[in-house]
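Here is what each chain is made of, one letter per residue.
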Amino acid sequence: MFFKEIVGQQDIVQKLRNSFTNGRLGHATLLAGKEGHGCLPITLAMSRYIMCRERSEEDACGECPSCKKFDKLVHPDVHFIFPVVNKKGKDPVSDSYLVEWRKFLLATPYATSNDWIREIATENSKGTIYKDESDLINRKLSMKSFEGYHKIMIIWMAEKMNDVTANKILKILEEPPQNTYFFLIAAQPEQLLQTILSRTQIVNIPPIDVAEVANYLSANYQIDSAKATDLAFFAEGDLARSIELFDKVDELQQNIENFNKFIQLSKNEQTVEIWDFINTQLDRGMNSYIEFLSYITHNIRRNIIETVAPSDNKILSDSATSAVKLDINFQQARAIYKLLNDAIYHIERNVYPQLALFDVSLQLKKML
Ligand SMILES: [Zn+2]
């Protein structure tokens, strides 16, 4: 991964690159953001840049011995820690899974931790950074660097460290050996111990610009730009999520049509038709109701953006969808949000989904 391959996020990239070239990069950086915002690819590109012997102002060279090792993720001074599962016959540490890890990362740098765990275990397994890992971290960093240059320790999904692991690396995180850089990556940094947070420089990684995600999708997948924009927008700048949604593009289109119909029936108080619509068109199991409600939530947000963020209008007008334009203000939007979220909450707790939807429809009429 090079900086030039990062999707969007050029401000962040520039900031990180400058902090390194100006000698201001802290010895421990925490990249905090959703996986699909690109925290891991940014860290990979940054690590390659730091290790490159012929780097330019812009990027790593791609030709030096260090870059060649990076091409295969086998640089001996770049260490990876990531969640693993406790399997019979394997020590529960990252080193036991390095072969799978390299293959996985080289194929899909924008993949998620769920993708990773699915790769090495069964669907419902939970990945953890086990306590044995802390001894390895300390040992690896106490050794001299193989190439007499920098050393890098990347801890992906750092919030998966159990407390024992976290406590055992506090000292080395605070005072790492010379020329050592820690990069911690966390999607839920609030789950990290305060003592870890306080020892890092936190860099928040925001969502990727919707247009950048859309460009990436239409360049890399068989999808036209209007649909790509829809996916990017619905995924809210989360590249991994937009790829996940890729398989659901028809479902998304169906939701758009259902949304338009639902709003129209609700506005007109066609209660008999609404009840019928809910029980036929929308009925594809409990999850389909929840997905539909989530979709309406998304559309409410979209309507607000169309009203208040003119800079995004271009993107939205490129979109393939023709969702109903709702003339609502913030107060209305807030009330509708609450209504929708309450309905999702109740359905998840076994309220009959058809009734919950019917209630939403009746309430919506009053709010629109
Ligand atoms: Zn190089």
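Presented here is a report on the structure given in the accompanying data block. (Residues numbered from 1 in each chain as written. Predicted model: local features only at pLDDT ≥ 70, side-chain atom pairs only at ≥ 80, totals over all residues. Heavy atoms only, no water.)

1. Focus: unusual backbone geometry
So, point 1. The backbone of Gln9 sits at a positive phi, close to 60°, despite the residue not being glycine.
So, point 2. Locating Gln9 in the fold gives a position in the segment before helix H1 (10-21).
So, point 3. For Met157, which is not glycine, the phi dihedral falls at a positive 55°.
So, point 4. Residue placement: Met157 occurs in the loop between strand S3 (151-155) and helix H7 (163-174). (Helix = DSSP H or I, 4+ residues; strand = E, 2+ residues; numbered from the N terminus.)

2. Quick word on the coordination of the zinc ion
So, point 1. Looking at the zinc ion, the protein donor atoms are Cys52 (SG), Cys61 (SG), Cys64 (SG) and Cys67 (SG), and they sit 2.2 to 2.3 Å from it.
So, point 2. Of note is the zinc ion, whose four donor atoms meet at the metal with angles of 102 to 116° in an arrangement that counts as tetrahedral.
So, point 3. Of note, the donors binding the zinc ion are all from one chain and are spaced C-x8-C-x2-C-x2-C. Here Cys52 is found in the loop between helix H2 (39-51) and helix H3 (65-71), whereas its partner Cys67 is found in helix H3, with 15 residues between them in sequence. (Donors = N, O, S within 2.8 Å, 3.2 Å for Na, K, Ca; no water. Tetrahedral: all angles 85-135°; square planar, octahedral: opposite > 155°, others 65-115°.)

3. A short note on the side chain of His79
So, point 1. Mapped onto the elements of the fold, His79 is located in strand S2 (residues 78-81).
So, point 2. Leaving out residues up to four positions away in the same chain, His79 has contacts with Lys140, Leu141, Ile152, Met153 and Ile154. (Contact = heavy atoms within 4.5 Å.)

4. Let's talk about the sheet that holds strand S1 (residues 28-32)
In a beta sheet, neighbouring strands pair by backbone hydrogen bonds and run either parallel or antiparallel.
So, point 1. Within the open sheet, the five strands sit side by side as S2-S3-S4-S1-S5. Their pairing is parallel. Each having just a single partner strand, S2 and strand S5 (201-204) make up the two edges of the open sheet. Neighbour to neighbour, the strand axes of the sheet diverge by 20° on average, direction disregarded.
So, point 2. As defined by bridge partners, S3 adjoins strand S4 (residues 180-186) across five bridges and the pair is classed as parallel. Its bridge partner lying in S4, Ile152 is registered against Tyr181. (Pairing = 2+ DSSP bridges. Axes fitted to C-alpha atoms, helices over the stretch in contact; angles between N-to-C directions.)

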